[in-house]
Every structure is written in C-alpha cells, then in structure tokens.
Amino acid sequence: MRKFYPIYFILPLLLFFSNYLFSQKSTITGAVVDTNEIGLPFATVSLLQAQDSLLASFATTNDEGRFVLKRVPAGNYLLQVSYIGFETAWKPIEIKNASEEIKFGKIKLRPAEELLSEVEVTAEHVPLRMNRDTLEYNADAFKVQPGSVVEDLLKKLPGVEVERDGSIKAQGEQVQNVLVDGKEFFGNDPKIATKNLPANAVDKVQVYDKKSDMAEFTGIEDGRDAKTINLELKDGKKNGYFGNASAGAGAMQTQEDGLAYDRYEGKFNINRFSKKSQLSAIGMLNNINQQGFSFDEYIRFMGGLSSFMSGGGGGGGGRMRLSFDPMSMGIPMQNGGLDQGFTTTSAIGLNLNHEFNKKTELNASYFYSDIENELDRIATKENIFGENNFTSEDKESRVSRNKNHRLNATLRHKIDSFQNIIIRANGGFNNARLASAGRGNTFGIDGLLQNESLRDYGANSDNFSFRSDFTYRRKFQKKGRAFFASVSLGREQEDRNGTLKADNLFYENEQIVGEENTDQNQVFNDDATTYGINFTYTEPIGKSKKNKSQYLAFTASRQNFNNKTRKEFFDQEIGGEVFNSELSNRYDREYIYDRGGLNLMVNRKKYNLTFGTEIQHSRLNGHLLDENMQVQNEFTFFLPSMYFNYDFGTAKQFNIEYITSVREPSLEQLQPLVDNSDPLNIYAGNPDLQPEYMHLLEGSFMLFDQFTFTSLFANISASYTEDRITNASSIDSLFRQFITPVNVAYDYNLRGGFQFSTPLRPVQTNIKLSYSTNWNRGILFINNIENEVARQRHSLRISLDNRKKNKIDFTVGGRTSFNKTDYSISEELNQNYIDGSFFTDLIVTPSDKWELSSSFDYTIYSEETFGESRSIPVWKASLTRYILKNKRGRLSLTAFDILNRNIGINRNSQLNYVQEERVQSLARHIMLNFAYSISGFKKDNGGIEISIDRER
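Caption draft 1: Molecular detail of the overall build of the protein chain. Helix and strand content of the protein chain: seven helices and 49 strands. Each of the 952 residues in the protein chain was classed as buried or not, and the buried ones make up 50%. For the protein chain, the computed accessible surface area is about 43,500 Å², with 53% contributed by carbon and sulfur atoms.

Listed below in structure tokens is the structure:
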C-alpha cells in the first residue's frame, strides 16, 4: 500500500497561502470625533459589503480616535461607525483599484439625544462593538438558520472558532466559561449552554477576560484571567420560557446484512426565565452513542476518578489499581470512548439561578445519568524487556453500567460593601457495575506460546461523596488590604464487591508446565474524610501611583486526609468460602501537610508580576492492621513560584509561569506487602520511596488582530522531575511480571505548539493551522537493567472554511502526526510511524425550508510498528425539511457510516510497550428525527414565539 506523505496535502495549501500574502489590497484610514472634534477611543468601525451587509472588515479606534482598515479588496461597501451614546454614521465606499488608499479624515458623531429629538430612530444592526476590554457581537446581525442553537451562532462570529468536538476558542484562546446573563449555566461546562440554548434567544455575545475571584474582589490584578463568553438574552426572553424537543427512530445494519429497527434517540431542553430567576432542564435518551456533555461532566456524573479504580477488570487481578486506565475498566471515552462500542445513555439535569435580593443569590444544579456501554476489544501489545521481549494479545467482552446522582449548590451573600461569604456544597451517589470476560495469550520473542489466561470478572460498586467549602472575604478602606479565609470538609465512602474466576496456564516448549486457578470473592471498603483550612492576607506596600502598585500576600494552610481501607479476599473451596489472609489487607492512613508562604505582587499598566515561595511540611502515618506494622514518613520542601503577564495592547499578551510541586508516594506504594491476586502480574510496595519533586516552566503568547481577524496562540512548557516514581518490572521464565515502584534520578518533558488562523479574503475563506510537539525522556528498570527511553510526537493540522455561510458552509482539512520512540536497549524495537486523517463538513441551504449536510472523515494508520496499514472512511449525511406554521417543526433523515467501515482503533506508545487496540463500534444506521419547539414570552406582541432546534 502506498505510504501516506503529509507533504502532498500541506504543500498546495502553503503555496495557496503564500499567493494570498503577496496579493495587494486597499487601505482605509480616518478618525472618529465628537461634535467638538475630540477623538473617541474604542469606537467601532465596521466595513459591510453593500449587497448583503456581511461584515468584510472591522477595527476599533485608538486613544486619539484614529482607525485603519487594511487589505480591503475592490468592491462596494458601507462604512459603519458607532459609539455608545452617539448616533451611528454611514459612509458609502467604492474601491475600484486593488492598491487604492482611501482617507476619510474626521468622521463626526452626534450624541444620541440630538438624533432622538430630530428624527425617528429605525432598527439597525451594529455587528460588533469594542467596549474597553469586552468585544460585543450583536446576534441579530449574523444570520443563522431557523432553530439554530448557540453553537451555530458562534460559528458565524469573526474571531470565534468552534472546533469539531464542540470546544470554543475566542481571540485565539480556549473559552473556559459560558455564562447566561452573567450567571453560571449547569456549572462550568461550556458545551451544555452552546449545544442546548436556541440562538434566537440571544441578543448580545460578549467576549472578555474574566478576572479571578481574588482580583474581582480586591482589584489587585494577578493576570490569571479566564477567557469567557457571556450570552446576554433579549429583553423579551428574560421573562418567559423557551425550549425544544426532538425524537427519532431508526434501523441498524446487522452482521447478517439485515436491518434491526431498534435505534432511538430523544432529547429536550426547557428554560423558564424571569428577572430574578433562571430555571433550566435538559434531558436525553438514546442508544446511538450520543452524549450532550463533555468528559469533565462525565467524570462528575460517575462520582470522580476514584469510582473507576478497581481490580481485576484488565488482567484477572484483584489489586486496587493505582493508575487510571479508563479503557481497561470499561469506561466509554471520547476518541477511544463514548463513540466506540455500543452506548445507551439517559440523563436529566436541572439548573437554578435565583437572586433573592441585591445581596444574596443562589446557583444550584442536579444531574442524573445512566450510561451503559457494551464493548468487544482486541488489544495487541509488544512489551520491551531486554532480551526477554514478548508479545501479548488480549480479547475481551465487557458490559459496564454507571448510574449517578450529583447535586451542586453555591450561595453568595454580600454582607456589606467590604465583605461577603461564599458557601459551596456538592455531593453525589454513584452505582457502577462491570462484567468482563476475556482471554489473554503471551508469546515469546520466538513466537512460541508462553502462557494463556481465561478470566471472568464482575463487580458492583456504590460510591457516596460530599464536599462543602465556606469562604469569607473582606477588604478594608486601604486599597489592596484584604483578608481571605476558607474552610473545607469532605467525605467519601466506597463499597465494592467483586468476583473473579481465572485459569492461567504456563507453557515451555509448547508443553504445559504449570497451572494456577483463582476463584474468589473480593470485598473492598474505603472510608475517606478530608478537611482543610486556608488563610490569605494582602497588604499594599510603598506608595501607590496611577497604574503602579505592589502588594505582599501572606498565605497559610493545612490539609488533612484520612482513609480507613479494607480489602478482603475469599477463596471458593469445595467445603465453602475460605478467608485468604495473604491477599487481604486492612490499613489506616493519615496524610497531613502544612504550608506557609510569602508572595510579592507587582501591578503595572502593562504587566503584572507575582513571585515568592512556600514551605511545605508533610507527614504520612500508616498502620497496617493485619501485620501490626507502622509506615511513617516526613518530608519538608521549599516551593518557589513566579508568574509574569505582559499586555502589549488590546488582545495581545505574553505569560510565563514557574511552579514547583511535590507528589508523595501513596501508602500502597510504600507498604512492603506482596499482592499476587493476579498470578501473571505480582506487585509489591517499596518502603524506601521518596516523594517526587517537579519543576514546571510554562510560557504562552496570544495575539488577536482586530483589523484582519488574525489570531495566534503559542505555548511551550518544560518540566523536570527529581526522584520520579515509576514501576520497575521483571519477568521470570514463565513470563510472569514482578512489579515494584522505585525512584529514578530524573524525568523531563518538553511540549509546545501554536494555533494560527486568518481570513483569505480573495477566496472568501479562513485558514487555520495548528502544530503541537511533545518530547519526553525517562528511565526504566527492566529486569534490573536501567533503560533510557526517549519519545517524541509531532502533530500538524490544517483546515479551510468559507466566510460567507448563508447558503453554503464548508470545512475541509487534514491532520498528520509523527511518532518516534528510542530505547537504549533493544534498539531493534525502536518505533517510527506516521498517522494521518482528512475531514470535510458541508452544509448546503438552498432555501429556508431545506438543508443538506454531509461530513466525511478518512483516517490512515501506517504499517510501521503494527505490521499492517489501516484506513477507515466514515461518512455521514443528512437531509432536513422545515415544516408546520412558522417553521416550528423539522424533519431530518440522517444516514450514519454510509460506507459501513467504522471501527475504533487506538494506538499508543508507552515507556516499555507499544499497543494497538481495536474496538467493535456502532456502524451503518439510519435515523428519522422530528424536532418541535414552542416558547412564550410576556413581552412578545403575539404572546408566543416559535423557535426550532437544529442539530449538527
């Protein structure tokens, strides 16, 4: 098969892009002033195409009121000049020559009250305004299809990018929060708001940098802003209800080439808003692998990462796994995950924002989810053990089901203008069930069978968790003097029961030389309690001047973690159940650390600098009850840190941060007990472990050019870890692994990348280019031999999409990644391979009643490393018809995986192995969907307004 060379894809785009760079364009300059000819800073200057009023270019004025529009192609335009509180001015422009320079001189704006007294005001749509540090888009100025959701609106906004996975970038930065009228909407998951709220309910989209809680309260800039989008609703829709619902059914092609009419989907969202309250409900039910929330929300549904830790699911063991391996535990994950296997999802959520008065407000949300995943997987792994390299193959069928209830609440109360309190509480209950049946084989370097394992594992787990935080904040008359105090309390309890049946056979010269059988009941209980207390005091120092001030911040904290853990194993014998004292373990753990520090914060007009150090003293006390053994350790570390932020101007800044951190070894890693519950993987702790000490240096640069809508975001980070804790492995003649944690001298990692986007105006498209790289060097001990491992990964992604999206909306692009792994021993197993993919999305709207959409993904896996190349084309297409009066209904016919080629493939390279996993996934199926929406608002003239939900 012909190899995939990404240069064939990249070179034409680069040539096309270079042609754009050298093309000539016109320049428009001028100044915006008031009637006294005083310059108006931050006035908005929009260049609209005369024939359709689409935005062609945009700028804001500087401190003197001057503006410049660069690289404007020939054509007819309208120049729109607006400023809050002033009349909007319009100037027609005709550009005949590509290199023409147009000078407007001074453009005078009259105050709005003069306009009101002279003429009748008619409705107009100012596309966007720059109000100091907030970029505000007028939603009505950007046309979207009937029934569009907020995500569809964001795709139309210049400077805002919506990725294929639904994540959002604004001005080159990742959007971390999406607020609705300034309030949280279902917590901090931006996708819940953008994928559920209808676009026609939004009046303004505001993009700004939200300051940290500390900076908002004290006015002390710390540079730790979060890119935020606020959806300001239309006045009429702040006092009424809106929502939508959809349902669908379909058929899937079975292995026997028949049709099974058993696919279904349904979802809804209802919102009831008033001046003081926002009440929203969302829900979904489907068996076509669709989820309406991100993986972070999925983790919260499941009760946190601790709910996933379990023994036996991945390899016949019963030990409490320390590493988080979602795929080995039956957890459906995105891109290795929620879209793989066969997933049935039901979920419902409620969100409430209520303002009791001007001083007190409440945010609360509740989620319930029930996710069931059926998965059949085959994993091939090549393990590197010096001269004893071997290959293993694992086949598994499993069913996992997780039911979760989770409640979150935040109460904010303003005592007076100087002090307030915040009370946060969240709790949840999770039930998880797992049934796994698998078969594993191990082959030596000569290809002969060394051992095989048959296993059947089942587990049922209940997890309860609760956490509360109380925060008190006070500032004083003197600016910058403030006091913060917080107290937290948490409780978590997990009860898990499991059964394991495993038969392990050992071979030598293709003859059975040993057999080990396991038939066990396993009981695990963990009762954890945590509490913490934190204090911060800030004091201004020196004499503050305009745009110049500095502060000292004193911090002190204590954190306490207590665990009572019980693991009990019972062997099934002929005479009944027998307690296995060798595998069972009971221990109590207390981990406490005290931390104190001093930081200097320097605020200037252009930059903010924070640097200082903390000292942390940690104590670990463990009691192994069955052995009557104590495990004790104490550590003291200095933790210096530094943060620097420099603001070059509007939407152009540079950040650099240096932090140090400590990771203590866990009690399980320290306890010198042998866990042989998995006869093929035997584990023992190491009481001589030292904590890891990591240095991390990160830098980033962000640029957004408001004149050209060009954005650039670049970042780089480097980490160096002393006494890195890693697992040392060895194997015996029967290919049984013996694993123990050890400290290695170092581990360092370097990662970086950039994301660049700019419009290509001659062809009315946008180009987006991103690159990422990761370099890692670590140490392994394999069969007591030190082995240095160097890994690197490079990934390049390019895409094009059109700017005029009224009738046609398309995106086309590709990605290629290069992977390389080098070993200091077994050099013949060094890895070097390339993977790539192409993708395209197309939406055609021939009229306002019809829509045709199509998406195509083509993924290529090269033959290096895994012996054969693979290509997976996945094609989806949909036809939509809007029906009923006022287009309040929608019918959609959608075909998924038209070519019937979908299969999940996950490839990864770790320190001492490379693995390919193949997962059977939901293949060709067709769905017929009907969506209906109705909403009513008290201020609407007709009393009822119709809206339609449109999915993509």
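Caption draft 2: Representation of the side chain of Thr442 within the structure. Summarising the element assignment, Thr442 is placed in strand 23 (residues 419-443). Taking relative accessible area as the criterion, Thr442 reaches 9% and is therefore assigned buried. A distance of 2.9 Å separates the side chain of Thr442 from the side chain of Asn451, its partner in a polar contact. The contacts of Thr442, once residues within four sequence positions are left out, are Phe390, Thr391, Ser392, Leu448, Leu449, Gln450, Asn451 and Phe735.

Caption draft 3: Region of the structure containing the nonpolar core. Among the nonpolar cores identified, the biggest contains 37 residues, and Leu154, Val205, Ile229 and Leu231 are the most heavily contacted of them. Leaving out residues up to four positions away in the same chain, Leu154 has contacts with Val160, Val162, Ile168, Thr194, Val205 and Ile229. With 20 residues, the next largest nonpolar core counts Val45, Phe67, Val72 and Ile93 among its residues.

Caption draft 4: Inspection of the sheet that holds strand 10 (residues 160-162) at higher detail. Strand order across the open sheet formed by three strands is 10-11-12, with antiparallel pairing between neighbours. This sheet does not close on itself; its edge strands, each paired only once, are strand 10 and strand 12 (173-174). Relative to strand 12, strand 11 (residues 168-170) runs antiparallel, the two sharing two bridges. Looking at strand 12, one finds that Ala170 is bridged to Glu173.

Caption draft 5: How the structure looks around a negative patch on the surface. Residues Asp503, Glu515, Asp519 and Glu573 make up a contiguous surface patch of negative charge. For Asp503, the position within the fold is in strand 25 (residues 482-508).

Caption draft 6: Structural detail: the pairing of strand 9 (residues 134-138). For strand 9, the buried fraction is high: five of the five residues fall into the buried class. Where strand 9 meets strand 15 (residues 202-210), four bridges bridge the pair, whose relative direction is antiparallel. The partner of Glu136 across the bridge, within strand 15, is Gln206.

Caption draft 7: Quick peek at the environment of Glu374. Mapped onto the secondary structure, Glu374 falls in strand 21 (residues 360-383). Judged by relative accessible area, which is 42%, Glu374 ranks as partly exposed. C-alpha separation for the pair Glu374 and Ser400, spaced 26 residues apart in sequence, amounts to 6.7 Å. Sequence-distant contacts of Glu374, defined by excluding residues within four places in its chain, comprise Gly341, Phe342, Arg398 and Val399.

Caption draft 8: Representation of the packing of aromatic side chains. A full pass over the atoms with the stated rule returns 14 aromatic pairs. Of the aromatic side chains, those joined through ring pairs into one cluster are Tyr607, Phe644, Tyr646, Phe648 and Phe701. Residue placement shows Arg736 over the ring face of Phe506; its charged tip is 5.5 Å from the ring centre.

Caption draft 9: Seen up close, the pattern of salt bridges. Throughout the structure, instances matching the rule amount to 31 salt bridges. When the shortest N-O distance is used, the salt bridge between Lys108 and Glu37 registers 3.3 Å. Taken together, the residues Lys108 in strand 7 (residues 101-108) and Glu37 in the loop between strand 1 (26-33) and strand 2 (44-49) connect sequence positions 71 residues apart. Assessed through its relative accessible area of 41%, Glu37 is described here as partly exposed. Linking Arg377 and Glu917 is a salt bridge whose minimum nitrogen-to-oxygen distance equals 2.4 Å. Pair noted here: Arg377 is in strand 21 and Glu917 is in strand 46 (residues 913-919), with a separation of 540 residues, a long-range link. The class for Glu917 is buried, based on a relative accessible area of 4%. Each of Arg377, Asp394, Glu396, Arg398, Arg455 and Glu917 takes part in salt bridges that share partners, so that together they form one network.

Caption draft 10: How the structure looks around the environment of Lys106. Along the chain, Lys106 turns up in strand 7. In sequence terms Lys106 and Val33 are 73 residues apart; their C-alpha atoms lie 6.5 Å from each other. Setting aside anything within four residues of it in sequence, one finds Lys106 in contact with Ala31, Val33 and Glu37. Only 3.2 Å separates the side chain of Lys106 from the side chain of Glu37, close enough to count as a polar contact.

Caption draft 11: Main features of the sheet that holds strand 4 (residues 66-72). With mixed pairing, three strands are arranged side by side in an open sheet as 4-1-7. In this open sheet, the two edge strands, each paired with only one partner strand, are strand 4 and strand 7. Direction aside, neighbouring strands of the sheet carry axes that sit 15° apart on average. Sheet topology places strand 1 next to strand 7; six bridges connect them, and they run parallel.

Caption draft 12: The confidence of the model for the protein chain, seen in detail. Taken over all residues, the pLDDT of the protein chain has a mean of 80, while the share at 70 or more is 83%. Ignoring residues within four places in sequence, the model shows residues 1-23, a span with pLDDT below 50, making 34 contacts including any to other chains. Scored below 50 in pLDDT, residues 937-952 shows 66 contacts in the model against residues more than four places distant or in partner chains.

Caption draft 13: How the structure looks around the pairing of strand 3 (residues 55-60). Among the six residues in strand 3, six count as buried, and that is most of the element. Summarising the sheet, strand 2 and strand 3 pair through five bridges and their orientation is antiparallel. Bridge assignment links Thr44 to a residue of strand 3, and that residue is Thr60.

Thresholds, definitions, all that
- Residues numbered from 1 in each chain as written.
- Predicted model: local features only at pLDDT ≥ 70, side-chain atom pairs only at ≥ 80, totals over all residues.
- Heavy atoms only, no water.
- Helix = DSSP H or I, 4+ residues; strand = E, 2+ residues; numbered from the N terminus.
- Buried < 20%, exposed > 50% of the residue type's maximum accessible area, 1.4 Å probe, protein only.
- Areas by Shrake-Rupley, 256 points an atom, 1.4 Å probe, with all protein chains shown as cover.
- Polar contact = N/O pair within 3.5 Å; in protein donor to acceptor, adjacent residues only side chain to side chain.
- Contact = heavy atoms within 4.5 Å.
- Core = buried A, V, L, I, M, F, W, Y, C linked by side-chain atoms within 4.5 Å.
- Pairing = 2+ DSSP bridges.
- Patch = residues over 30% accessible without salt bridge, like charges linked within 9 Å, V, L, I, M, F, W, Y side chains within 5 Å.
- Salt bridge = Lys/Arg side-chain N within 4 Å of Asp/Glu carboxyl O.
- Lys, Arg positive; Asp, Glu negative; His and termini not counted.
- Charge placed at Lys NZ, Arg CZ, Asp CG, Glu CD.
- Phe/Tyr/Trp six-rings, centres within 6.5 Å; stacked < 30°, edge-to-face > 60°.
- Lys NZ or Arg CZ within 6 Å of the ring centre and 35° of its normal.
- Axes fitted to C-alpha atoms, helices over the stretch in contact; angles between N-to-C directions.
- pLDDT = per-residue confidence, 0-100.

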